[in-house]
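Each chain, written out:
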Amino acid sequence: RIANPDLTWETSRQTDIGLDTRFFQSRLGFSFDWYEKLTLGWLVQPTGLGIWGTAAPYINGGTVENKGVEIGLGWNDQKGDWTYGVNLNLAHNKNEVTQINNKDGYILGPDKVLAENTRPVSRMEVGHPIGYFWAYKTEGVMQNAADVQAYLDKNCKGNAANSLQGSSIQPGDLKFVDVNGDGVINEDDKTEVGNPHPDITMGLSFNVGYKGFDLAVTTYGAFGQQNMRSYRKFTDGNVENYTSEVFEYWHGEGTSNRYPRLVPGNTGVNFQQISDIFVEDASYFRIQNVTLGYDFKNLWKNCPLPQLRLYVSAQNLFTFTGYKGMDPEIGTNDSYREDNPWARGIDLGSYPSPRTYMVGVNIKF
């Protein structure tokens, strides 16, 4: 890499106020935590020029602020031979970039992420969450010639040359929005179209036991985040349509007001110019684990072992989501490039979490 003699360690300053309580002989538990964390001199590697012949140097890119609350509530009790418990935790975190240490005031993520010849889609900028999705906004698909002219009059001063599609604009093309109102659609109109960070995360668990039997259910949810998804190399060829969603693309007036017409080869401006048509709500609620067990020591009173338990377990049993991709929880493999781990939430077809069934024995000596 190119060296940076001015590089310093990343530092952080955090304030945390918490409360942890127990009531009714410790059967009811309640916890509350408020925090504010400021990361200073954040280490980041910006995009470098290809003519350098090597990766760009790391820099102290700026300051990132995280504020949030965490709440926990639980009830655990025993009634005769029955034991049971319910535990809920909720967390909210607001992430915001408060300073960028360069003349541009922003740092872009890697390019060519969704496909070849596409611009970066992740960006960090003051006043926005880190790694927000930066792309064109759209307001539907042009359905007929009158619709095309109405779009040009509203966004392009009536001139097709001011549109992204140029003189080839026609029904089936996307209506890219003139965000800054200058009558020309260009990169200055790109804006925040999604946030890969959830507004709320939650965990909910149940457990019950009776005379050697035990059942435990663990769930997890994340809500308010978006993913940017693409399962096809749409600029490389006209036969690489990876899902049946292509049947939802515009193929005549009234057939679609979200996805544009298909075109052969790498001439499709509607897809090459990344927009909010790739952004989807990725909220989900997942049953992470269900375990049913029985301790045979309850039957075998003279058992010399403290525990002889047989159990069956199912992991990742079911996910409730409206997300159309394979898995709304993309995980840690969505960095696409090791040097840009902050550019998250892009789904390129990562292998989904498997559903796993297990049978096991717990033996204590």
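The structure presented is a predicted model; accordingly, all values stated were derived computationally and were not measured. (Residues numbered from 1 in each chain as written. Predicted model: local features only at pLDDT ≥ 70, side-chain atom pairs only at ≥ 80, totals over all residues. Heavy atoms only, no water.)

Draft legend 1. Here's a closer look at the overall build of the chain. Counting secondary structure elements, the chain contains two helices and 20 strands. A globule of 365 residues ought to have a C-alpha radius of gyration of about 21 Å, yet the chain, at 26 Å, is considerably larger. With the principal axes as the frame, the chain shows a C-alpha extent of 90 × 55 × 40 Å. Put simply, the chain has 365 residues, and 42% of those count as buried. Contacts spanning at least 24 positions in sequence make up 66% of the contacts within the chain whose residues lie at least 6 apart. (Helix = DSSP H or I, 4+ residues; strand = E, 2+ residues; numbered from the N terminus. Rg over C-alpha atoms; globule rule 2.2 N^0.38 Å. Buried < 20%, exposed > 50% of the residue type's maximum accessible area, 1.4 Å probe, protein only. Contact = heavy atoms within 4.5 Å.)

Draft legend 2. Broad picture of the environment of S167. With respect to the element layout, S167 can be found in the loop between helix 1 (145-155) and strand 11 (174-176). By relative accessible area, S167 is classed as exposed at 76%.

Draft legend 3. Spotlight on the pairing of strand 6 (residues 82-100). Two elements, strand 5 (residues 62-79) and strand 6, share 18 bridges in a ladder whose sense is antiparallel. Bridging across to strand 6, K67 finds its partner in K94. Remark: two residues form the turn of the hairpin made by strand 5 and strand 6, two consecutive strands paired antiparallel; G80 in that turn has positive phi of roughly 60 degrees. Taken together, the eleven bridges between strand 6 and strand 13 (residues 200-210) define a ladder with antiparallel strand orientation. (Pairing = 2+ DSSP bridges.)

Draft legend 4. Region of interest: the sheet that holds strand 14 (residues 213-223). Here we have nine strands laid out as an open sheet, ordered 1-2-5-6-13-14-17-18-20, and antiparallel in their pairing. Two strands lie at the open edges of the sheet, namely strand 1 (11-23) and strand 20 (356-364), each paired on one side alone. Across the sheet, the mean angle from the axis of one strand to that of its neighbour is 10 degrees, orientation sign disregarded. Across nine bridges, strand 18 (residues 307-321) lies against strand 20 in antiparallel orientation. Following the sheet pairing, S313 is matched in strand 20 by M358. (Axes fitted to C-alpha atoms, helices over the stretch in contact; angles between N-to-C directions.)

Draft legend 5. Region of interest: the pattern of salt bridges. The tally for this structure, following the rule as stated, stands at 18 salt bridges. Here K211 and D81 are joined by a salt bridge, their closest N and O atoms 3.7 Å apart. Residue K211 is found in the loop between strand 13 and strand 14, and its partner D81 is found in the loop between strand 5 and strand 6; the two are separated by 130 residues along the sequence. Its relative accessible area of 45% is what places D81 among the partly exposed residues. Linking R261 and D173 is a salt bridge whose minimum nitrogen-to-oxygen distance equals 2.8 Å. With R261 in the loop between strand 15 (226-229) and helix 2 (269-272) and D173 in the loop between helix 1 and strand 11, the pair connects residues that are 88 residues apart, well separated along the chain. Both residues of the pair, R261 and D173, belong to the buried class. (Salt bridge = Lys/Arg side-chain N within 4 Å of Asp/Glu carboxyl O.)

Draft legend 6. Structural view of the pairing of strand 2 (residues 28-40). As judged from the 13 bridges shared by strand 1 and strand 2, these two strands associate in the antiparallel manner. Across the sheet, residue D16 finds its bridge partner in strand 2, namely Y35. Relative to strand 5, strand 2 runs antiparallel, the two being bridged by twelve bridges. Of the residues in strand 5, the one forming a bridge with T39 is V64.

Draft legend 7. The arrangement of helix 1 in detail. What helix 1 keeps buried is the set D147, V148, Y151, L152 and N155. Take helix 1 and look down its axis: the buried residues cluster within an arc of 135 degrees, on one side only. Exposed side of helix 1, more than 90 degrees from the buried face: A145, A146 and K154 are the residues found there. On its buried face, helix 1 is in contact with strand 10 (138-141) and strand 11. For helix 1, the side-chain oxygen to backbone nitrogen distance between the N-cap and A146 is 3.3 Å, and the N-cap itself is N144. Backbone geometry just downstream of helix 1 places K157 in the positive-phi region, at approximately 55 degrees. (Arc of directions from axis to C-beta. Polar contact = N/O pair within 3.5 Å; in protein donor to acceptor, adjacent residues only side chain to side chain.)

Keep in mind that these numbers describe shape and distance, not what the molecule does.
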